[in-house]
Amino acid sequence: MAAAERVIVIGAGIGGLAAAAALRMRGARVTVLERAPSLEPVGAAISLSPNALRALDVIGLGDDIRALSAWQGDGGLRAPSGRWLARTEAAAAAERFGGPLVLLHRATLVDHLAGRLPSDAVRTGTPARLTDPGVPGDPRRPARVETPDGELEADLVVAADGLRSAVRGTLFPGHPGTVHSGFTTWRVVVPLPGVAFPSHETWGRGAIWGTHPLRDGRVYAYAAAVAPAGEKAPDDERAELLRRYGDWHSPIPEVLAAVRALDVLRHDVHHIAEPLPAFHRGRVALVGDAAHAMPPTLGQGGNQAVEDAITLAFPRPGMPSSADEPVADTLPGYTAVRLPRTTAVTRRAVRAARLNVLTTGRVGTAVRNSALAALSKAAPSLLLRGFDGVADWRPPGGPSGADGDDSGAPRMLAADHGRRGPEENTP
C-alpha cells in the first residue's frame, strides 16, 4: 500500500471489528462507524471453530482466544429424556480439524478485536448511509458515506451492518433479501454453581436445546423451536422456555430455575436463500450477515464473518502487510472466493435445520433419533464429519510467515455436492 488507504467500516460487530483490525494491520487508516451508543454487544456467547481461529491467527489473536476454551472431554447429542444419541470428544475434534472449538462470551471477543484498534478508531452512536459506492482505480470517485457529522470519503467501505443491511439494499436493490427460516431462538448466559454436566445439544420434536459451560464458570444455553415470524410469549420468554423445555433432562430444569425473564434473548431466524450476485460493488465489500446470513444450526455465522474479514484484508497467499495493491482493486477476487464458500455453508446450515429443528412429526423425530444413535455406534466420528470442509478451512493470505493456503473454497464446494446482537443468527 503506497499510501495508507482510507477505510470506513459500517458496523462494529464481530465481522466489522475483525475486518478493521486486519485492514489496519495491512496499513490502512480505519474508521469504524457504529449506530449503537456503545460496543457492549447485545447477545450471549459464540462458538469459534478452528477455521475462524486460524483466521484470527493472521492478526495475532488466535492463541489468545484458544486460551479461553472451556470445552473438555465428552459431549454430543441427547434426546429430551437424556438418552445419548451421539457422543463426541474435544480431543477427537481438535485432531480432525487442527484445533479446538472455543466457546466464549461475545463481549470477550469484541473486547479482544476492539483492542487491536486505536481508541479513536471506533465512533459509536454514529449511523451511516452509503451514498456512492465509488469506482476502484478512479481517484475522482471515492466511496462516500453520510453520517450525522457530515459526509466521509473512503478508498474502501466495508459493510458489516448485519442481517438487515441497508448497504446491501443500496448495492443490490433488486435482491429479495432475507427469508424467515421457520424457527425462533432463545439464548441465556447464567451462573450455575455446583451443577456439573457434559457439553451437549438435545434434539426434540420441532425443538432443540444446547447447554455448554463457559470458562468463567457461567453456563451458555440456547434453544430453538418452530414458530412463526413475530410470535412472542403471552407472558414472558422464561415462562415460554419452561413450557417448552421444563420437563427435559438435567441440567435443563436447573438452568431454567436460575434464569430471570430479563436474561432471555429471543430472536427469529432469517437467512439469505438466494445468494447475492456479488459481495462487492465499486469500492464496497459486504461481510458477515450482510453478505450471507445463515441459520445458526452449524454455528458458523460469526465464524464465516471472521473468514470474510481476513480474506478481504489478505487475499493472496503470503501477502505481506506492506502490499501495494489497493484492497478495492482485489474485490472481484474476494467475491470469487467467498461467495461460493459461504453459499455452500449456508445450504448446509439450512439442511441441518431441516434435520434438527424443523423435524416436527412424532414418527419422523423417533426415526431420526434412532438413526442417529445407530449410526453413532457404527461410526463414532459421525457428528464431526458434518464439519468436514468447514472447520478445516485455512486463510488464503496474511502477513509474511502466516500459515495458510487458498484451497478452502474448492474443498468446501466439493464437500457440499450431493450438503451482532438482535440482528444476528448465531445463538
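Residues numbered from 1 in each chain as written. Predicted model: local features only at pLDDT ≥ 70, side-chain atom pairs only at ≥ 80, totals over all residues. Heavy atoms only, no water.

Quick rundown of helix H12 (residues 362-378)? Include the residues and the values.
The α-helix advances 3.6 residues per turn, and as a result positions three or four apart in sequence lie on the same side. Here H12 spans 25 Å end to end across 17 residues, near enough to the 24 Å set by a 1.5 Å rise per residue. All of the buried residues along H12 are Thr365, Arg368, Asn369, Leu372, Ala373 and Ser376. In a view along the axis of H12, the buried residues occupy a sector of 130°, so they form one face of it. For H12, the exposed residues lying more than 90 degrees away from the buried face are Val363, Val367, Lys377 and Ala378. (Helix = DSSP H or I, 4+ residues; strand = E, 2+ residues; numbered from the N terminus. Expected span 1.5 Å × (residues − 1). Buried < 20%, exposed > 50% of the residue type's maximum accessible area, 1.4 Å probe, protein only. Arc of directions from axis to C-beta.)

Describe the sheet that holds strand E1 (residues 6-10), listing the residues and the values that go with them.
Strand order in the open sheet formed by 6 strands is E7-E2-E1-E11-E18-E17, with mixed pairing between adjacent strands. Both outer strands of the open sheet, strand E7 (122-123) and strand E17 (280-281), are each paired with one neighbouring strand and no more. Alignment of strand E11 (residues 156-159) against strand E18 (residues 284-286), held across 3 bridges, turns out to be parallel. Paired with Val157 across the two strands is Val284, which belongs to E18. (Pairing = 2+ DSSP bridges.)

Would you mind going over the pairing of strand E9 (residues 143-147) in detail, with residue names and values included?
Of all 5 residues making up E9, 4 are buried, and the element is well covered by its neighbours. Pairing of strand E8 (residues 129-132) with E9 involves 3 bridges; the strand directions are antiparallel. Looking across to E9, one finds that Leu130 is bridged to Val145. As defined by bridge partners, E9 adjoins strand E10 (residues 150-154) across 5 bridges and the pair is classed as antiparallel. For Ala143, the partnering residue across the bridge sits in E10 and is Ala154. Hairpin connection between E9 and E10: a loop of 2 residues separates the two successive antiparallel strands.

So what about the sheet that holds strand E15 (residues 218-226)? Which residues, and what values?
One open sheet accounts for 7 strands, arranged E5-E4-E13-E14-E15-E12-E16; its pairing is mixed. The open sheet is flanked by strand E5 (84-89) and strand E16 (265-271), the only strands paired with a single partner. Going from strand to strand, the sheet's axes swing by 15° on average, the running direction of each strand aside. Relative to E5, strand E4 (residues 74-78) is paired through 5 bridges, and the arrangement is antiparallel. Bridged to Asp74 within E5 is Glu89. Sitting on the sheet, helix H11 (residues 331-356) is in contact with strand E12 (179-191), strand E13 (199-203), strand E14 (207-213) and E16, with an inclination near 70° to E13. (Axes fitted to C-alpha atoms, helices over the stretch in contact; angles between N-to-C directions. Contact = heavy atoms within 4.5 Å.)

Tell me about the packing of helix H1 (residues 14-26) against helix H5 (residues 106-114), and name the residues and values.
Direction vectors running N to C along H1 and H5 enclose 20°, while the axes themselves pass 9 Å from each other. Relative to H5, the element H1 is oriented roughly parallel. Remark: the crossing between H1 and H5 carries left-handed chirality. Across the interface between the two elements, Ile14, Leu17, Ala18 and Ala21 of H1 pack against Arg106, Leu109, Val110, Leu113 and Ala114 of H5. Its residues assigned to classes, the contact of H1 with H5 shows 8 nonpolar, no polar and 1 charged. (Parallel < 35°, antiparallel > 145°, perpendicular 65-115°, else oblique. Left-handed = near helix turned anticlockwise from the far one by under 90°. Nonpolar A, V, L, I, M, F, W, Y, C, P; charged D, E, K, R; others polar.)

Any details on the packing of aromatic side chains? Residues and values, ideally.
The full count for this structure, using the stated rule, is 5 aromatic pairs. Considering the side-chain rings of Trp209 and Tyr245, the 5.3 Å spacing of their centres and the 55° angle between planes classify their relative orientation as tilted. Of the two residues, Trp209 sits in strand E14 while Tyr245 sits in helix H7 (residues 237-245), which places them 36 residues apart along the sequence. Of the two residues, Trp209 and Tyr245, both sit in the buried class. Among the aromatic residues, those joined into a ring-pair cluster are Trp186, Trp209, Tyr245 and Trp248. The ring of Trp84 has Arg87 sitting right over it, with the charged end atom 3.9 Å from the ring centre. (Phe/Tyr/Trp six-rings, centres within 6.5 Å; stacked < 30°, edge-to-face > 60°. Lys NZ or Arg CZ within 6 Å of the ring centre and 35° of its normal.)

Can you tell me about H7, naming the residues and giving the values?
If you check which residues of H7 are buried, you get Glu237, Ala239, Glu240, Leu241 and Tyr245. Where the residues of H7 are buried, they touch E12, E14, E15, helix H8 (252-258) and E16.

Spatial relationships are all this shows, so hold off on functional conclusions.
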